Amino acid sequence: MLSALTSRLAHSRAARRLRRPAAVAAAIMAALGLSAIAALAMGVSLQSPAFGPSQAPAALSAAAVAVTSGLAGLAAWGLLALLERATRRPRQIWTVTALAALALSLGAPLSGHGISGTSRVALACLHLLVGATLITLLGRTTAARHEAISRRPDHQAGQAA
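Residues numbered from 1 in each chain as written. Predicted model: local features only at pLDDT ≥ 70, side-chain atom pairs only at ≥ 80, totals over all residues. Heavy atoms only, no water.

Tallied over the full model, the rule gives one salt bridge. The shortest N-O distance in the salt bridge between R20 and E84 comes to 2.7 Å. Within this pair, whereas R20 is found in helix α1 (residues 2-41), its partner E84 is found in helix α2 (residues 62-86), the two being separated by 64 residues in sequence. Summarising the burial analysis for this pair, R20 and E84 share the class buried. (Salt bridge = Lys/Arg side-chain N within 4 Å of Asp/Glu carboxyl O. Helix = DSSP H or I, 4+ residues; strand = E, 2+ residues; numbered from the N terminus. Buried < 20%, exposed > 50% of the residue type's maximum accessible area, 1.4 Å probe, protein only.)

Below is the structure:
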């Protein structure tokens, strides 16, 4: 019985090691796909809005979209890993935090000046797409409750004593 549980835990950790980078890659690919559709099929010029009086809007390249999406994915992954080690309910806390971060991130495309309404909508859709992809796919990789608790440092210290 114990060996079956240990084997299942090892398998779930290995699968999680593969699914998390795949989730980040999926978010990057989704963002690149949507930006290509917006630019090529719909003729939308993706630009980052200007925020200061002396700033001008900046064009967003595919590389900028990929890097930004990747950094968001890595930050989400890192927070999830940290919460799995430090809390008893990592998935719930991470999901609420990720939704709050997504809501806050919408402030950038919806504020500022110097870009068209279609560019704002496209940027907001990019934020929503990347956020939904990461929240859905990374959220599915959270450790089971007993595994998360068994990996907590205070739990391991209690067993050693």
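Further remarks concern α2. Compared with an ideal rise of 1.5 Å per residue, which puts 25 residues at 36 Å, α2 spans 36 Å between its outermost C-alpha atoms and is within 8% of the ideal. All of the buried residues along α2 are V65, A66, S69, G70, G73, A76, L80, L83 and E84. (Expected span 1.5 Å × (residues − 1).)

Checked against the element boundaries, T87 lands in the loop between α2 and α3 (90-105). A polar contact of 2.7 Å, which involves the side chain of T87, links it to the backbone oxygen of L83. (Polar contact = N/O pair within 3.5 Å; in protein donor to acceptor, adjacent residues only side chain to side chain.)

A grouping of V67, L71 and L74 is seen on the molecular surface, where their side chains present a nonpolar patch of about 300 Å² in accessible area. Within the secondary structure layout, V67 lies in helix α2. (Patch = residues over 30% accessible without salt bridge, like charges linked within 9 Å, V, L, I, M, F, W, Y side chains within 5 Å. Areas by Shrake-Rupley, 256 points an atom, 1.4 Å probe, with all protein chains shown as cover.)

Its volume calculated, the largest pocket comes out at about 630 Å³. Surrounding the largest pocket, 28 residues form its lining, T68, A72, S105, H127 and V130 being those nearest its centre. When residues of the lining of the largest pocket are assigned to their parent elements, the largest contribution, eight residues, is made by α2. Looking at the lining of the largest pocket residue by residue, the classes come out as 21 nonpolar, seven polar and no charged. (1 Å grid on protein atoms, 1.4 Å probe; cavity = no way out; pocket = protein on both sides within 12 Å on 5 of 7 lines; lining within 4 Å. Points joined across faces, edges and corners; volume = space filled by probe spheres on them. Nonpolar A, V, L, I, M, F, W, Y, C, P; charged D, E, K, R; others polar.)

In globular proteins that are soluble, nonpolar side chains generally tend to be buried together. Core analysis: the largest hydrophobic core is formed by 21 residues, its most contacted members being L46, W94 and L138. Those elements that provide at least two residues to this core are α1, α2, α3 and α5 (117-139). Tallying contributions element by element places α5 first for this core, with seven residues. Once residues lying within four places of it in the same chain are set aside, the contact partners of L138 are R20, A23, G73, A76, W77, L80, W94 and T133. (Core = buried A, V, L, I, M, F, W, Y, C linked by side-chain atoms within 4.5 Å. Contact = heavy atoms within 4.5 Å.)

A few words on the packing of α2 against α5. The contact between α2 and α5 brings their axes to 11 Å, and the two run at 30 degrees. By the angle between their directions, the pair α2 and α5 is classed as roughly parallel. Our pair here, α2 against α5, has a crossing hand that is right-handed. When α2 is examined against α5, the residues S69, A72, G73, A76, W77 and L80 are found in contact with a partner set consisting of V130, L134 and L138. (Axes fitted to C-alpha atoms, helices over the stretch in contact; angles between N-to-C directions. Parallel < 35°, antiparallel > 145°, perpendicular 65-115°, else oblique. Left-handed = near helix turned anticlockwise from the far one by under 90°.)

Moving on, we get to the environment of S69. By the element assignment, S69 lies in helix α2. By relative accessible area, which is 6% here, S69 ends up buried. Along the primary structure S69 and I28 are separated by 41 residues, whereas in three dimensions their C-alpha atoms are 5.4 Å apart. S69 has contacts with A27, I28, A31 and V130, leaving out every residue within four places of it along the chain.

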